[in-house]
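So the chains spell out like this:
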Amino acid sequence: MNSKFLLTGLLALALLFGAPTMMQAGKNADLRVAYVLKKIGVNKEIQAKLRPLLQSYLADKKVANKEYDDLKEKLQANISNGSLTEKQAQTLLTLKWSSDEKELAVKKTYEKKFRTVLSAKKTYLCFTLLNDKKSKIKGQ
């Protein structure tokens, strides 16, 4: 009976501490989408068409960078304190270049998708706004 209670408690803690990370990722994307829609200066009809494209773009971009981002996060302590090995550094570089290529492919794909809703000028502005720093998006 005690083991069931302990297991339930551990599962609740795992959900409690794991959920904010997932919720934060979604929240950040939602903030970025709202920011772009507010700043881009288009009517409500275009915003309604653009919103799912922006959400999909951010999700695809995150997938393109996932492998590199995961390893970089795992090695962050080594990077910060200068104890990164040559092998780790080479792996990071290789993954970074691969990630950059995948991200560029995503951007090219979404340029075409954005252009179905936006002009070239607004598409350029859209990509610029999507790259703004989180502090600018939050108004800090």
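Residues numbered from 1 in each chain as written. Predicted model: local features only at pLDDT ≥ 70, side-chain atom pairs only at ≥ 80, totals over all residues. Heavy atoms only, no water.

**Q** Explain the nonpolar core residue by residue, including any values.
**A** Judged by nonpolar contacts, the single largest core of 22 residues is most densely connected at Leu 50, Leu 54, Tyr 57, Phe 114, Leu 118, Cys 126 and Leu 130. Ignoring anything within four residues of it in the chain, the contact list for Leu 118 reads Ile 40, Val 42, Ile 46, Leu 50, Thr 123 and Cys 126. Tyr 68, Leu 71, Leu 75 and Leu 95 belong to the second-largest nonpolar core, a separate cluster that totals five residues. (Core = buried A, V, L, I, M, F, W, Y, C linked by side-chain atoms within 4.5 Å. Buried < 20%, exposed > 50% of the residue type's maximum accessible area, 1.4 Å probe, protein only. Contact = heavy atoms within 4.5 Å.)

**Q** How would you sum up the pattern of salt bridges? Please name residues and give values.
**A** In the structure shown here, the tally under the stated rule is six salt bridges. Glu 45 is paired through a salt bridge with Lys 49; the nearest N and O atoms lie 3.6 Å apart. Remark: Lys 49 and Glu 45 occur in helix 2 (residues 44-74); sequence separation between them is four residues, near one turn of the helix. Between Glu 103 and Lys 107 there is a salt bridge; the shortest N-O distance is 3.2 Å. Placement of both Glu 103 and Lys 107 in helix 4 (residues 86-115) is noted, with a separation of four residues, approximately one turn of the helix. Look at Lys 107 and you get partly exposed, because its relative accessible area is 23%. Linked through salt bridges whose partners overlap, the residues forming this network are Lys 61, Glu 103 and Lys 107. (Salt bridge = Lys/Arg side-chain N within 4 Å of Asp/Glu carboxyl O. Helix = DSSP H or I, 4+ residues; strand = E, 2+ residues; numbered from the N terminus.)

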